[in-house]
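Close look at the chain arrangement
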Amino acid sequence: MLNRRTFLKTSAASLPLTSAIQALNPVGISAEAPADVAVTGTTPKLIPLPARLARVDPSTLPWQENIRRVGQSNMTEHDPAVMNIEEWADYWHSAGADVVFISVTGILAFYPSKVRFHRHGKFLNGRDFFGECVAAARKRGMRVVARMSPDLNWDDALDAHPEWAMRDADGSVLRNDEDSRLFQTCMFTSYMDEYVPAIMREINSLYDVDCFYTNGWPPIGSLPNCHCAICSKLPRSNTTAYWHAFNDRVLELWHMYDAIAKEKKPDSFYFANLGGNVRCGPNLDRLCKTAVWFQADNQGRTSDDPAVWGCSLQGRVCNAMMDGKFAANVTAAYSTGTVRWRNASKNPAEARMWLNETLASGMALYYHFIGSEAGFGEDRRWQKVGSDYFQWAKKYDAHLKPRRSLANIGVIMGQSTQLFYPAPAAAHARDYMRETTQGMYATLLNGRFAFDFVHEDRLDLERISKYRALLLPNISMLSDRQCQQIRDYVRVGGSIMASFETGLYDENLQRREEFALADLLGISKAGDVIGTNGNAYYGRIERSHPILEGFSNTNWLPGAQNRVPVKSVPDPVLTVIPGFVAYPPELAYPPASHTDEPAVVLREVASSRLAYFPGDIERTFWLTGHGDLLRLLHNTIRWITQDEAVVHVDGDGLLELFAWETTPGYAVHLLNYTNPNAHHGWLSTAYPLGPQNVSMTLPNGVKAKAVDLLRSDKTIPFRLEGSVLRFTIPRVDDYEIAAVTVG
Ligand SMILES: [Zn+2]
């Protein structure tokens, strides 16, 4: 952990590199074996955990912060004709759900609404289906979320209010892709100021609900592109100027709906979907100062974004934004994906892993199915999967609810870059930053580093000084203020690893002539981005350095697909061999085999270490899986962090690690992704891992009393060497949590 006090101590000390650095011969190739692809076996320096947080009485928290399980049978127009309300309520109650979602909607009323254009579902027949469901939930002690959908309406509303519709550039009404009888409503119109509040007030006047939620608004993965009379006066969509107007409007409506929710009960509130992980539509810094429920609408993997850790990634975003406020990830029990079956169960192993990731990354469980044909579903296989999981988790609520992350590495989450960065011509912009994020994520996961996301608008020193290092994977858009915050962080001893176009744009996507962090990183731009045509560029090893540990028998290392040329630096570690022809092989040799263009720039300033890669190295690792890039990134992260870690988990397998402080003590979560379906499709079964050795250093005066494995329901032995706690988890099936109770 880094703070001003430890900075003063460490900066006064020398900076010994304890690792035995393999001597390299940059001229001749040695006869040693090539480097292994796997990067294991090093033991980091364990940093003591921070002093424990003061206890909090749960009864003093807002009610939603004590919710641990959320249930939703998403209601269809047909459900009033077929759903067995008693069976529905019994299922969620016996599973252990604390709260259920019940549909009010806005597209179709599930109660005898008198709000104009709130069309009654055709199977409602005057019945108060919503009211009956609310009563059934209340009778069993479950709280109720009133679910609305303000995104679509019918032609009678359009005829009376043509201004409510989103419109194309030619003025035509935008309609729902799947059912063209519905038009898309525009969030800048009075539909949102009048129609939605009218429904909320009607619900408040008739029923006792705990809070309100809207599905379908705000948009979460992209920004609207509307040409209605109001929107045509706004800046063009997909510009930062439009984003500001969009965020202002989202906040305006959010505050209005929240105030309406509170008209009846002061502890009621409004919330909406906020998925999209690092590429969320609304500005998360602004919105999450208001939101008290982060609804991560992140229901399952798709073939477009197939990494198994999609839910964990979302959880890290929630942890960055909510500061301990409530967050839940919606796990679809139905078959999510590019090809979908919303009324058929998905593979149980896949559904369980999404629930595992929900808990491991610090969110509350949320299980979701659509429609209740034949009473409570034609396909009921999902039900036991969910109730077994909920009931298991309920036994361990205290250990499973995190208080704070123990991670010592922060990855800057550039929401602006994710939304607006144009990317080099070689790749679609949206895919480009997704690949960059996944490359960074996979690198950290493979190295079993404990890391958090840090939002670009939350770089205040008080927040980021807990991290030994900040990573900036092509965070191309940075404001002058954000750059100054990063400089301040380095000034008190923090370390940095940055890549590619980091800081080459300001917060409004205005291109800079020079890197905004040129002074800090010791770099200077020497030209425009150079892509690959044939062989990508290489890095020539110029001298030994800890970031090259483990490489032998080669003078060259792979570079990346794209790079920004930077001016030469004294005593470089790696220099660029420019890319050249790959085919025909007759021409596959370097016209220039030696340059003075650096392929990495390293600096040391007091106890700070700074590393800059001119290439898009994280993304290139994601595209290729090249072990040299992984090793180079791991070595560099270890070098800038001076090999400090908060928790060390040694063992075989691809697993994701989370470490939390909890009320009873600590929880180390291990997600086992060692599976042929980790990067595509769904898990069908788990492939268990063998022993995992865990070490962590407890704070002064804190004693371990017990270590329990929550998935295998057993207590395991531990040993204390001074204040270092060590124990072995003998086996990990799909998921294991080592819960440390302290005294
Ligand atoms: Zn509009």
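For the structure itself, consult the block above.
Residues numbered from 1 in each chain as written. Predicted model: local features only at pLDDT ≥ 70, side-chain atom pairs only at ≥ 80, totals over all residues. Heavy atoms only, no water.

We now examine the environment of A374. Tracing the backbone through its elements, the reader meets A374 in the loop between β14 (365-370) and α11 (381-394). On the accessibility criterion, A374 (47% relative accessible area) is partly exposed. C-alpha separation for the pair A374 and A81, spaced 293 residues apart in sequence, amounts to 9.4 Å. Not counting residues within four places of it along the chain, the set of residues in contact with A374 comprises V82 and R380. (Helix = DSSP H or I, 4+ residues; strand = E, 2+ residues; numbered from the N terminus. Buried < 20%, exposed > 50% of the residue type's maximum accessible area, 1.4 Å probe, protein only. Contact = heavy atoms within 4.5 Å.)

Moving on: the side chain of E644. Checked against the element boundaries, E644 lands in strand β25 (residues 644-645). In this structure E644 comes out as buried when scored by relative accessible area, which is 17%. Polar side-chain contacts of E644 include one of 3.4 Å to the side chain of R468. (Polar contact = N/O pair within 3.5 Å; in protein donor to acceptor, adjacent residues only side chain to side chain.)

A few words now on the sheet that holds strand β26 (residues 647-650). The strand order across the open sheet formed by four strands is β26-β29-β33-β32, and the pairing between neighbours is antiparallel. A single partner strand is all that each edge strand has here, and the edge strands are β26 and β32 (719-721). For this sheet the average axis-to-axis angle between neighbouring strands, irrespective of direction, equals 20°. Strand direction decides the pairing type here: β26 and strand β29 (residues 692-697), joined by four bridges, are antiparallel. Bridge assignment links D650 to a residue of β29, and that residue is N693. (Pairing = 2+ DSSP bridges. Axes fitted to C-alpha atoms, helices over the stretch in contact; angles between N-to-C directions.)

Moving on: the packing of helix α3 (residues 85-95) against helix α4 (residues 129-139). Axis separation between α3 and α4 bottoms out at 9 Å; the angle between their running directions is 40°. What the angle tells us is that α3 and α4 run oblique. Like other packed secondary-structure pairs, α3 and α4 cross with a definite hand, here right-handed. Contacts between α3 and α4 involve I85, E86, W88 and A89 from the former and F129, E132, C133, A136, A137 and K139 from the latter. Of the residues that constitute the contact of α3 with α4, the class distribution is seven nonpolar, no polar and three charged. (Parallel < 35°, antiparallel > 145°, perpendicular 65-115°, else oblique. Left-handed = near helix turned anticlockwise from the far one by under 90°. Nonpolar A, V, L, I, M, F, W, Y, C, P; charged D, E, K, R; others polar.)

What follows deals with the sheet that holds strand β15 (residues 402-405). Pairing is antiparallel in the open sheet, where six strands are placed in the order β15-β27-β28-β34-β30-β31. Edge positions in the sheet fall to β15 and β31 (714-716), since each of these pairs with one other strand and no more. Shown here is a sheet whose adjacent strand axes are inclined to one another by a mean of 30°, direction ignored. Across three bridges, β15 lies against strand β27 (residues 655-662) in antiparallel orientation. Bridging across to β27, R404 finds its partner in E661.

Under the definition given, this model contains 47 salt bridges. Residues K289 and D285 are paired through a salt bridge, measuring 3.2 Å at the closest nitrogen-oxygen approach. Here K289 and its partner D285 are both found in helix α8 (residues 284-290), four residues apart, which amounts to about one turn of the helix. Accessibility expressed as a relative area gives 61% for K289, which makes it exposed. (Salt bridge = Lys/Arg side-chain N within 4 Å of Asp/Glu carboxyl O.)

Bringing the coordination of the zinc ion into the picture now. Here the zinc ion is held by the protein donor atoms C186 (SG), C226 (SG), C228 (SG) and C231 (SG), which lie 2.2 to 2.3 Å from it. Around the zinc ion sit four donor atoms; with metal-centred angles ranging over 102 to 117°, the donor geometry is tetrahedral. Each donor residue of the zinc ion belongs to the same chain, and together they define the spacing C-x39-C-x1-C-x2-C. With a gap of 40 residues between them, C186 in the loop between β6 (183-184) and α6 (190-206) and C226 in the loop between β7 (211-214) and α7 (240-262) connect regions that are remote in the sequence. With respect to class, C186 is no different from C226; both count as buried. (Donors = N, O, S within 2.8 Å, 3.2 Å for Na, K, Ca; no water. Tetrahedral: all angles 85-135°; square planar, octahedral: opposite > 155°, others 65-115°.)

Another point: the pairing of strand β18 (residues 469-472). Of the two faces of β18, both are covered, the one formed by A469 and L471 as well as the one formed by L470 and L472. Here three bridges tie strand β16 (residues 409-413) to β18, and the two strands are oriented parallel to one another. In the sheet register, V411 faces β18, and the bridge partner there is L471. With respect to chirality, the unit in which β18 leads through helix α16 (residues 480-491) into the neighbouring parallel strand β19 (residues 495-499) is right-handed. (Right-handed = clockwise from strand over helix to strand, strands pointing away.)

Quick look at α16 now. Across its twelve residues, α16 extends 16 Å between first and last C-alpha, which sits within 8% of the 16 Å expected from 1.5 Å per residue. Within α16 the residues assigned to the buried category are Q482, C483, Q485, I486, R487, Y489 and V490. Buried positions along α16 lie against β16, α15 (461-464), β18, β19, α17 (518-521) and β24 (608-613). Once α16 ends, the next one or two residues include G493, with phi positive near 110°. (Expected span 1.5 Å × (residues − 1).)

Its location among the elements puts Q692 in strand β29. In this structure Q692 comes out as buried when scored by relative accessible area, which is 0%. Here the side chain of Q692 touches D652 through a polar contact of 2.9 Å, landing on its backbone oxygen. There is a polar contact of 3.3 Å between the side chain of Q692 and the backbone oxygen of G690.

In this section: the packing of aromatic side chains. Scanning the model with the defined rule gives 48 aromatic pairs in all. Arranged with centres 6.4 Å apart and planes meeting at 50°, the rings of W92 and F390 form a pair that is tilted. Placement of W92 in helix α3 and of F390 in helix α11 is noted, with a sequence separation of 298 residues between them. No difference in accessibility class separates W92 from F390, as the two residues are buried. Taken together, W63, F101, Y213, F269, F271, W293, F326 and Y366 form an aromatic cluster joined through their ring pairs. (Phe/Tyr/Trp six-rings, centres within 6.5 Å; stacked < 30°, edge-to-face > 60°.)

Everything listed is a geometric property; what it means functionally is a separate question.
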